[in-house]
Amino acid sequence: MIGFYILIGAISLVSWLISNKLKSKFKYYSKVQLRNGMSGAEIATKMLADHGIRDVEVISTPGMLTDHYNPAKKTVNLSEGVYNQRNAAAAAVAAHEVGHAVQHAQAYQWLTMRSKLVPAVNITSKFSQYMVIGGIILGAATSGAAGGIGFYIAVAGLAFMALGTIFSFITLPVEYDASNRALAWLKNKNMLSQEEYKGSEDALKWAARTYLVAALGSLAMLLYWGLQILGNRD
């Protein structure tokens, strides 16, 4: 179990460092005011209109960095700061979330695949680690048929965990593509000055890294538990 705690510690540390860097970047670029004077909500509304999307609503949602696109309700949800502010960070986030709406409108395959997995992942992610650890404990504490049942419970938990890992990696092209769509639109429509654009680009780059760290962390956990379960199998 020492290896498990070391792995958890390493993943948590890297995640914390990336998260802190992201927050500092957004804080810095929040000071870069847009010359066009447009708010995040106005940026999002214009990008939707430019892509011919009329059935998606831009709304404000409480919290910081709580921005997301809801494909079921067809809403671009922007945190209060992004919705109202008129800076490079707000422009980047607003355009990125609309990038997801554009993906949805164009049936982007990775977003479609990700959306189909959401219901299953929401369920399996709640039980995977409990099943893995519980199965290992049951297998170690008992012998015979009971021990065999513990092994199969752990393997089932490992399969659930694998689904979460697959989901994390499918999320990567979805997020990177949304950022690329956002930056291309901001540049092609001359929405930002060169300084503002560089700020938006840098902010989205660090945001994408949070998803990369999450995916690699999920893979590391899967490999660790896989070795614990299958590696110790006679």
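The name given to the protein chain in an unreviewed UniProt entry is Zinc metallopeptidase, and the organism recorded there is Aureibaculum flavum.

A. Quick peek at the overall build of the protein chain. Check the secondary structure of the protein chain and you find seven helices and three strands. Helices and strands in the protein chain line up, N terminus first, as α-α-β-β-β-α-α-α-α-α. Counting the 234 residues in the protein chain, one finds 43% classified as buried. Long-range contacts, defined here as pairs at least 24 residues apart, represent 72% of the contacts in the protein chain between residues at least 6 apart.

B. Just the pairing of strand β3 (residues 75-79), in detail. Here β3 lies mainly inside the structure; five of its five residues are buried. Residues Thr75, Asn77 and Ser79 of β3 are buried on one face, and the alternating residues Val76 and Leu78, pointing to the opposite face, are buried as well. Summarising the sheet, strand β1 (residues 57-61) and β3 pair through five bridges and their orientation is parallel. Residue pairing for β3: Ile59 is matched across the bridge by Asn77. Relative to β3, strand β2 (residues 68-70) is paired through three bridges, and the arrangement is antiparallel. Each residue of the ladder has a partner; that of Tyr69, found in β3, is Val76.

C. Quick peek at the UniProt feature "transmembrane region" (unreviewed entry) in the protein chain. Per the UniProt record, "transmembrane region" (unreviewed entry) is annotated on residues 6-22, 127-145, 151-172 and 206-227. Each end of residues 6-22 is marked by a C-alpha atom, and these two atoms are 24 Å apart; helix forms 100% of the span and strand 0%. Between the C-alpha atoms that bound residues 151-172 there is a distance of 32 Å. The span itself is 100% helix and 0% strand.

D. Structural context of the pattern of salt bridges. Within this structure, the stated rule accounts for six salt bridges. Measuring nitrogen to oxygen at the nearest pair gives 3.2 Å for the salt bridge that ties Arg86 to Glu42. Of this pair, Arg86 sits in the loop between α3 (80-84) and α4 (88-105) while Glu42 is found in helix α2 (residues 40-50), placing the two residues 44 residues apart along the sequence. Taking the relative accessible area as the measure of exposure, Arg86 reaches 35% and is therefore partly exposed. On the basis of relative accessible area, Glu42 is assigned to the partly exposed category, the value being 36%. Ionic contacts of the salt-bridge type, sharing partners, join the residues Lys25, Asp202 and Lys205 into one network.

E. Spatial organisation of the sheet that holds β2. If you walk across this open sheet you meet the three strands as β1-β3-β2, and the pairing is mixed. Two strands lie at the open edges of the sheet, namely β1 and β2, each paired on one side alone. Direction aside, the axes of adjacent strands within the sheet are offset by 30° on average. Most of the contacts of α2 go to β1, to which it runs at about 160°, and overall it touches β1 and β3.

F. Here's a closer look at the packing of α2 against α4. Packing of α2 against α4 brings their axes to within 8 Å, and their N-to-C directions diverge by 35°. For the pair α2 and α4, the crossing hand works out as right-handed. Of α4, the residues touching α2 (which contributes Gly40, Ile43, Ala44, Met47 and Leu48) are Ala90, Ala91, Ala94, Ala95, Val98, Gly99 and Ala101. Looking at the contact of α2 with α4 residue by residue, the classes come out as 10 nonpolar, two polar and no charged.

G. Quick look at the packing of aromatic side chains. This model, assessed by the stated rule, comprises three aromatic pairs. Both rings, one in Tyr28 and one in Tyr29, keep their centres 5.0 Å apart while their planes meet at 80°; by these two values the pair is edge-to-face. Given the relative accessible area of 53%, Tyr28 is considered exposed. Pairing Phe151 with Tyr152 gives two aromatic rings, centres 5.3 Å apart and planes at 70°, and the pair type is edge-to-face. The ring centre of Tyr108 lies 5.4 Å from the NZ or CZ of Arg181, which sits over that ring. If you follow Arg209 out to its NZ or CZ, it ends over the ring of Trp206, 4.3 Å from the centre.

H. Fine view of the nonpolar core. Counting 42 residues, the largest nonpolar core has Ile43 and Val76 as the members making the most contacts within it. Those elements that place two or more of their residues in this core are α1 (2-29), α2, β3, α4, α6 (144-188) and α7 (194-230). Leave out the neighbours within four places in its chain, and Val76 touches Val56, Glu57, Val58, Ile59, His68, Tyr69, Glu97, Val98 and Ala101.

Rules used in this analysis
Every chain is numbered on its own, with residues counted from 1 as its sequence reads. Totals for whole chains, interfaces and linings use all residues, but because this is a predicted model, local features are given only for residues with pLDDT of at least 70 and pairs of side-chain atoms are given and counted only at 80 or more. Side-chain metrics in this entry use all non-hydrogen atoms of the structure; hydrogen atoms and water are not considered. The numbering of helices and of strands both runs from the N terminus, where a helix is a DSSP run of H or I of at least 4 residues and a strand a run of E of at least 2. Relative accessibility decides the category of a residue: with a 1.4 Å probe and only protein chains considered, values under 20% of the type maximum give buried, values over 50% give exposed, and everything between is partly exposed. For this analysis, residues touch if any pair of their heavy atoms sits within 4.5 Å. Think of it this way: DSSP has to see at least two bridges between two strands before they count as a pair. UniProt positions are given in the numbering used here, feature names are shortened, and annotations may be inferred rather than shown by experiment. Any carboxyl oxygen of Asp or Glu within 4 Å of a side-chain nitrogen of Lys or Arg constitutes a salt bridge here. Working convention: axes come from line fits to C-alpha atoms, limited for helices to the stretch in contact. Angles between N-to-C directions cover 0 to 180 degrees. By definition, any crossing whose near helix is turned counterclockwise from its far helix by less than a right angle is left-handed, and any crossing with a clockwise turn is right-handed. Note on residue categories: nonpolar means Ala, Val, Leu, Ile, Met, Phe, Trp, Tyr, Cys or Pro, charged means Asp, Glu, Lys or Arg, and polar means any other residue, Gly included. Planes of paired rings set the category: under 30 degrees apart is stacked, over 60 is edge-to-face and the rest tilted, where pairs are Phe, Tyr or Trp rings (Trp by its six-membered ring) whose centres lie within 6.5 Å. Two conditions define a charge sitting above a ring: the NZ of Lys or the CZ of Arg must be within 6 Å of the ring centre, and it must be within 35 degrees of the ring normal. What is meant by a nonpolar core is a set of buried Ala, Val, Leu, Ile, Met, Phe, Trp, Tyr and Cys residues, joined one to another through side-chain atoms within 4.5 Å.

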